[in-house]
Amino acid sequence: MDKWTCMICGYEYDPAAGDPDGNIPPDTAFEDLPDAWVCPLCGAGKDQFEKTP
């Protein structure tokens, strides 16, 4: 699965790790995150993330 990086603060969402603090289990693809999910560091929405090359 692809990793995604927040364009605001540089946080990298790694699907293998999920987002434990946001109750997102490991192996959750970025596309499967809830629409209301936000960056755990800066609060940016999913639309502020880009796929990490």
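Up top is the structure these notes are about.
Residues numbered from 1 in each chain as written. Predicted model: local features only at pLDDT ≥ 70, side-chain atom pairs only at ≥ 80, totals over all residues. Heavy atoms only, no water.

**Thoughts on the pattern of salt bridges**
Note on pairing: side chains with opposite charge can pair once their charged atoms come close.
At step 1: Tallied over the full model, the rule gives three salt bridges.
At step 2: Across the pair lysine 3 and glutamate 12 runs a salt bridge, and its minimum N-O distance is 3.9 Å.
At step 3: For lysine 3, a relative accessible area of 34% translates into the label partly exposed.
At step 4: Owing to a relative accessible area of 35%, glutamate 12 belongs among the partly exposed residues under this scheme. (Salt bridge = Lys/Arg side-chain N within 4 Å of Asp/Glu carboxyl O. Buried < 20%, exposed > 50% of the residue type's maximum accessible area, 1.4 Å probe, protein only.)

**With respect to the packing of aromatic side chains**
At step 1: Applying the stated criterion across every chain yields a total of seven aromatic pairs.
At step 2: Seen in terms of ring centroids, tyrosine 13 and tryptophan 37 are 5.5 Å apart; in terms of plane orientation they differ by 65 degrees. Their pairing is edge-to-face. You can see tyrosine 13 sitting in strand β2 (residues 12-13) and its partner tryptophan 37 sitting in the loop between β2 and β3 (49-51), a full 24 residues away along the chain.
At step 3: In this structure tyrosine 13 comes out as buried when scored by relative accessible area, which is 0%.
At step 4: The positively charged end of lysine 46 is found above the aromatic ring belonging to phenylalanine 30, 5.4 Å away from the centroid. (Phe/Tyr/Trp six-rings, centres within 6.5 Å; stacked < 30°, edge-to-face > 60°. Helix = DSSP H or I, 4+ residues; strand = E, 2+ residues; numbered from the N terminus. Lys NZ or Arg CZ within 6 Å of the ring centre and 35° of its normal.)

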